[in-house]
Amino acid sequence: MGTASLTKLVIVGLGPWGLCALERVISGARRRAGDDPAIRWRARVHVVEPAAPGCGVYRMDEPDYLILNNACGQMSLYATPTDGPPPRYGVGFYDWAVARGYRWVGDECRIDPSGRPLTPDDYLPRRIMGEYLSWFFDTLVSEAPAGIEIVVHRTEAVDVTAAPAGKEQVRLADGSSVIADHVIVTTGHTANASRDDVPGILPVPWLAPYPVTGTLAAIPAGSTVGVSGMGLVAIDVVTALTVGRGGSFDATGGHLTYRKSGHEPTISLFSRTGEPYTAKAVGATDVTGVYQPVICTPDALDALTGRPGARRLVDARGELFPLVFAEMQVGYYTQASLLAKGAAEAAAVRRQLERAWSASTFGPAVEDLATRYGPYDPGSDFFADDTATFATSKDYAEHFRAAVEDDLAEALRDGGSSPLKVAHGVLRSLRDAVRGVVEFGGLTVESYLDFQAHIRGRVKRLEAGPPALRSRQLLALLDAGVVRTPFGPSPSLHPGEGPGVLLESERLDRRVSEPVDWLVRGHLDDPTVDRSASPLMARLYAAGRLTQLHYDGVPVGSVALTRDSHPIDARGRAQARLWVFGAVTEGTRYFTHYIPSPKSRIRAVEDIGACVEAILA
Ligand SMILES: Cc1cc2nc3c(=O)[nH]c(=O)nc-3n(C[C@H](O)[C@H](O)[C@H](O)COP(=O)(O)OP(=O)(O)OC[C@H]3O[C@@H](n4cnc5c(N)ncnc54)[C@H](O)[C@@H]3O)c2cc1C
């Protein structure tokens, strides 16, 4: 073997996932050059990105009140360190921020030697993640070994068409084009052209949540705003309309009090389920790869899917989630018994539950443990809204507040020790197990639709919430009357008599209807291919190079892909020189919205790594 011929590669979109692709190229090339200089990867990598390379949604001009949803010690674009001295870019986010001089000055994360040091458990502004990603990109490029040339195009890709000799031509918005052997598409959160889920014609437009400093500026102080959603995006919107308008929080004891600026509107939160998010446990570690399941095991999942034989389609709610819930109970009771009686008892409880599962006596075993350690039913935790009924708006508002408060108390238990939060951590650690069953059409069509509409969001609610700080702030905003929850779950929207919109409760015994002046979308849609606002996606779809995933001949959104990430064209052929990763593949894949990093965020690194190996090896 000797020096390879030059491969021309285009990475379209350099947010965190495109950056991960570049890292895989450069780390792979460095490893090979180190092993034997004669065995080199030779590649010209064209990076196409109109914005700051590497940053994606983490804009460096964002206000600091927009913070990350992950502790800084858990994030690293250098996710698979190898033996020997790391390259200069081989630095995780926490170490980078410390080395850069970031410290806490009051609530602000600043470069200031007089501040308090950061800890790996801290949640930093997204702006600083943008700086890290930008630094990572620059350092990565400067460390590219001989044989790897990087060409940056600060513009958008608008089309990819077949070129002679099996190559691809990438057309760019600046009028130029690039001929390549392979094209990796990592375009992330591309917008959709139109929304079809807004009922009727409403007299006010839905405001998009981002950028928070742009769209939300139209909302005047003292007006009323309905925010649809109660997850991470809604929290950004609430924070922008309060802290972003000059409001602040005073801390007294463990409590926060909101001090109004007078510039904020009154915000009514509502959502389909009506259940608030759950916060991440303070100081908890990511147990992915550490937690060893005893019930939701690879063998049990193979029995479900029929692997390694002919694939059997699975019902997620009826067949997969009972295993997941049982495993969460194992996590819960192992932790509860550990706290009560120590490690030997915890090991005994774990064994007891494992044996009970095999002997089909799991229910009685859990009942027994519930008498000793308290009840925990993951099904009710997960589908918390299914059985909830509320007589009045006040009942619902009290339920909402109590849910935030109770969850916060669990999140604050010492070092992530809450059994409830441990159970949620087990759910997170099973992400790959769930992927193995549901991805690439692994569910029946009914279950696929159920999974997308009712299960995916609920998993996210339990395992991918914001930091506990946000719950403390939300409680203070509820107390101040700046945030309200008057409508109960699933309110309907109607044109009002005046210029606003009428929100009307649908699941309260005593109906409530109130007008709001503005509506803000407090959630993001997944990017689609059939109604994408991205010229690139729209053209690839119109040309039949991208198609939707189909079930029984019915298009169900997302992009049809082979398991090794090639889109499938309208004639059913894999596009061998195109590769697609990230948010646009959600549906065919599962859980694609994260910064590639170790543990529960490693899948992107593995999938993109396999693509780069296949292209360059
Ligand atoms: C507001 C917000 C906050 C989030 N916060 C977190 C968080 O705290 N932690 C976490 O783990 N995840 C978070 N996420 C999830 C998010 O999916 C990932 O963290 C990350 O952004 C995914 O990276 P990406 O590269 O796939 O997409 P993006 O970040 O969207 O980057 C895609 C890039 O592609 C470029 N692009 C698009 N089309 C073209 C084209 N035609 N030509 C050239 N370039 C193009 C865009 O300019 C962009 O830079 C957040 C998501 C959002 C929307």
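Residues numbered from 1 in each chain as written. Predicted model: local features only at pLDDT ≥ 70, side-chain atom pairs only at ≥ 80, totals over all residues. Heavy atoms only, no water.

## Topic: the packing of aromatic side chains
Then, number 1: The tally for this structure, following the rule as stated, stands at 25 aromatic pairs.
Then, number 2: Judged by centre distance (5.3 Å) and plane angle (50°), the ring pair of Phe-93 and Tyr-132 falls under tilted. Linking Phe-93 in helix α2 (residues 93–100) with Tyr-132 in helix α3 (residues 126–142), this pair joins segments that are 39 residues apart in sequence. For the residue pair Phe-93 and Tyr-132, the accessibility class agrees, reading buried in each case.
Then, number 3: With a centroid separation of 5.8 Å and an interplanar angle of 65°, the aromatic rings of Phe-321 and Phe-325 are classed as edge-to-face. Placement of both Phe-321 and Phe-325 in helix α7 (residues 316–341) is noted, with a separation of four residues, approximately one turn of the helix. Residues Phe-321 and Phe-325 agree in their burial class; the two are buried.
Then, number 4: Ring-pair connections join several aromatic residues into one group, and the members of that group are Tyr-78, Tyr-89, Phe-93, Trp-96, Tyr-102, Tyr-132, Trp-135 and Phe-136. (Phe/Tyr/Trp six-rings, centres within 6.5 Å; stacked < 30°, edge-to-face > 60°. Helix = DSSP H or I, 4+ residues; strand = E, 2+ residues; numbered from the N terminus. Buried < 20%, exposed > 50% of the residue type's maximum accessible area, 1.4 Å probe, protein only.)

## Topic: the site of the ligand
Then, number 1: Neighbouring the ligand are 28 residues; Glu-49, Tyr-58, Asn-69, Asn-70 and His-189 lie closest to it.
Then, number 2: Between an oxygen atom of the ligand and a main-chain N or O atom of Trp-17, the distance comes to 3.0 Å.
Then, number 3: Bound to the protein, the ligand loses 90% of the 990 Å² it would expose on its own.
Then, number 4: By residue class, the composition of the shell around the ligand is 15 nonpolar, 10 polar and three charged. (Near = heavy atom within 4 Å. Polar contact = N/O pair within 3.5 Å; in protein donor to acceptor, adjacent residues only side chain to side chain. Areas by Shrake-Rupley, 256 points an atom, 1.4 Å probe, with all protein chains shown as cover. Nonpolar A, V, L, I, M, F, W, Y, C, P; charged D, E, K, R; others polar.)

## Things to note about the domain arrangement of the protein
Where interface size is quoted, it is often the accessible area lost as the parts come together.
Then, number 1: Entries for the protein in the domain assignment read domain 1 (7–60 + 131–190 + 581–616), domain 2 (206–277 + 467–521) and domain 3 (298–463).
Then, number 2: Relative to domain 3, the C-alpha centre of domain 2 lies at a distance of 30 Å.
Then, number 3: In this assembly, 24 residues from domain 2 lie in contact with 23 residues from domain 3.
Then, number 4: Of the roughly 2,200 Å² buried between domain 2 and domain 3 on both sides combined, carbon and sulfur atoms contribute 61%.
Then, number 5: On the domain 2 side of the contact with domain 3, Glu-275, Pro-276 and Leu-475 bury the most area, a combined 27% of that side's loss.
Then, number 6: The tally of links from domain 2 across to domain 3 stands at one salt bridge.
Then, number 7: In this structure, Arg-401 and Asp-479 form a salt bridge, with 2.7 Å as the shortest nitrogen-oxygen distance.
Then, number 8: Linking domain 2 with domain 3 are 10 residue pairs in polar contact (both at pLDDT 80 or more), by the criterion used here.
Then, number 9: In terms of residue count, the dominant contributor to the side of domain 2 that touches domain 3 is helix α15 (residues 468–479) (seven residues).
Then, number 10: Here the side of domain 2 that touches domain 3 is composed, by residue class, of 12 nonpolar, five polar and seven charged. (Domains from an automatic or database assignment. Contact = heavy atoms within 4.5 Å. Buried area = accessible area lost by both parts, 1.4 Å probe. Salt bridge = Lys/Arg side-chain N within 4 Å of Asp/Glu carboxyl O.)

## Some points on helix α8 (residues 343–358)
Then, number 1: The end-to-end C-alpha separation of α8 is 23 Å, in line with the 22 Å expected for 16 residues at 1.5 Å each.
Then, number 2: Of the residues making up α8, those classed as buried are Glu-345, Ala-346, Val-349, Leu-353 and Ala-356. Buried residues of α8, seen end-on, are gathered within an arc of 100° and therefore sit on one face of the element. Turned more than 90 degrees away from the buried face of α8, the exposed residues are Ala-343, Ala-344, Arg-355 and Ser-358.
Then, number 3: Ser-360 occupies a position one or two residues after α8 and carries a positive phi of about 55°. (Expected span 1.5 Å × (residues − 1). Arc of directions from axis to C-beta.)

## So, the pairing of strand β12 (residues 248–252)
Then, number 1: Sheet topology places β12 next to strand β13 (residues 255–259); five bridges connect them, and they run antiparallel. Bridge assignment links Ala-251 to a residue of β13, and that residue is Leu-256. (Pairing = 2+ DSSP bridges.)

## A short note on empty space enclosed by the protein
Picture a little ball the size of a water molecule; that probe, rolled over the atoms, points out where space is still empty.
Then, number 1: Tallied over the full model, the rule gives four cavities of 30 Å³ or more.
Then, number 2: In terms of lining residues, the largest cavity is bounded by 16 residues, among which Ile-235, Val-238, Tyr-277, Arg-470 and Leu-474 are the most central.
Then, number 3: Of all elements in the fold, only α5 (232–242) and α15 reach the threshold of two or more residues within the lining of the largest cavity.
Then, number 4: Counted by class, the lining of the largest cavity contains 11 nonpolar, four polar and one charged residues.
Then, number 5: Roughly 50 Å³ of volume is contained in the second largest cavity.
Then, number 6: What lines the second largest cavity is simply Trp-17, Arg-435, Glu-439, Arg-589, Tyr-590, Phe-591, Thr-592, Tyr-594, Arg-603 and Asp-607. (1 Å grid on protein atoms, 1.4 Å probe; cavity = no way out; pocket = protein on both sides within 12 Å on 5 of 7 lines; lining within 4 Å. Points joined across faces, edges and corners; volume = space filled by probe spheres on them.)

## Quick word on unusual backbone geometry
Then, number 1: Cis geometry marks the peptide bond from Tyr-210 to Pro-211; its omega dihedral reads -5°.
Then, number 2: As for its placement among the helices and strands, Pro-211 is situated in the loop between β10 (206–207) and α4 (212–215).
Then, number 3: Cis geometry marks the peptide bond from Arg-307 to Pro-308; its omega dihedral reads 0°.
Then, number 4: Inspection of the secondary structure assignment puts Pro-308 in the loop between α6 (298–305) and α7.
Then, number 5: Phi angles above zero are rare outside glycine, and Ser-360 is one such case at about 55°.
Then, number 6: Position of Ser-360 relative to the elements: it lies in the loop between α8 and α9 (362–373).
Then, number 7: The residue Lys-599 is not glycine, and still its phi comes out positive at about 60°.

## Quick word on the side chain of Arg-470
Then, number 1: Tracing the chain through its elements places Arg-470 in helix α15.
Then, number 2: For the buried residue Arg-470, which engages in no salt bridge, the nearest side chain bearing the opposite charge is Asp-236, 4.9 Å off.
Then, number 3: Those residues in contact with Arg-470 that lie beyond four places of it in its chain are Tyr-65, Leu-66, Ile-67, Ile-235, Thr-239 and Tyr-277. (Lys, Arg positive; Asp, Glu negative; His and termini not counted.)

## Things to note about helix α14 (residues 445–463)
Then, number 1: When the terminal C-alpha atoms of α14 are compared, their 25 Å separation across 19 residues agrees well with the 27 Å that a helix rising 1.5 Å per residue should span.
Then, number 2: Every buried residue of α14 is listed here: Val-445, Ser-447, Tyr-448, Asp-450, Phe-451, Ile-455, Arg-456, Arg-458, Val-459, Arg-461, Leu-462 and Glu-463.

## Some thoughts on the nonpolar core
Soluble globular proteins: nonpolar side chains tend toward being buried together.
Then, number 1: Core analysis: the largest hydrophobic core is formed by 104 residues, its most contacted members being Val-45, Phe-93, Leu-320 and Phe-321.
Then, number 2: Of all the elements, α7 adds the most residues to this core, at 12 residues.
Then, number 3: Formed jointly, this core draws a minimum of three residues from each of two domains, domain 1 (7–60 + 131–190 + 581–616) and domain 3 (298–463).
Then, number 4: Setting aside residues no more than four positions away along its own chain, Val-45 makes contact with Leu-9, Ile-11, Leu-22, Val-25, Ile-148, Glu-149, Ile-150 and Val-151.
Then, number 5: Listed in part, the 49 residues of the second largest apolar core include Tyr-65, Tyr-258, Val-482 and Leu-519. (Core = buried A, V, L, I, M, F, W, Y, C linked by side-chain atoms within 4.5 Å.)

## Some remarks on the sheet that holds strand β17 (residues 501–504)
Then, number 1: Here we have three strands laid out as an open sheet, ordered β16-β17-β18, and antiparallel in their pairing. Here the strands that pair on one side only, and so sit at the sheet edges, are β16 (492–495) and β18 (513–516). Across this sheet, the average inter-strand angle for adjacent strands is 30°, counted without regard to direction.
Then, number 2: One ladder, built from four bridges, connects β17 with β18; its direction is antiparallel. For Leu-503, the partnering residue across the bridge sits in β18 and is Glu-514. (Axes fitted to C-alpha atoms, helices over the stretch in contact; angles between N-to-C directions.)

## Here we look at the pattern of salt bridges
As a working rule, side chains carrying opposite charge can pair if their charged atoms are close by.
Then, number 1: Counted according to the given criterion, the structure contains 41 salt bridges.
Then, number 2: A salt bridge links Glu-319 to Arg-312, with the shortest nitrogen-to-oxygen separation between them at 2.4 Å.
Then, number 3: Using a relative accessible area of 24% as the deciding quantity, one classes Glu-319 as partly exposed.
Then, number 4: On the basis of relative accessible area, Arg-312 is assigned to the partly exposed category, the value being 36%.
Then, number 5: With a shortest N-O distance of 3.3 Å, Glu-345 and Arg-372 are connected by a salt bridge. Here Arg-372 lies in helix α9 and Glu-345 lies in helix α8, a separation of 27 residues in the sequence.
Then, number 6: For Glu-345, a relative accessible area of 19% puts it in the buried group.

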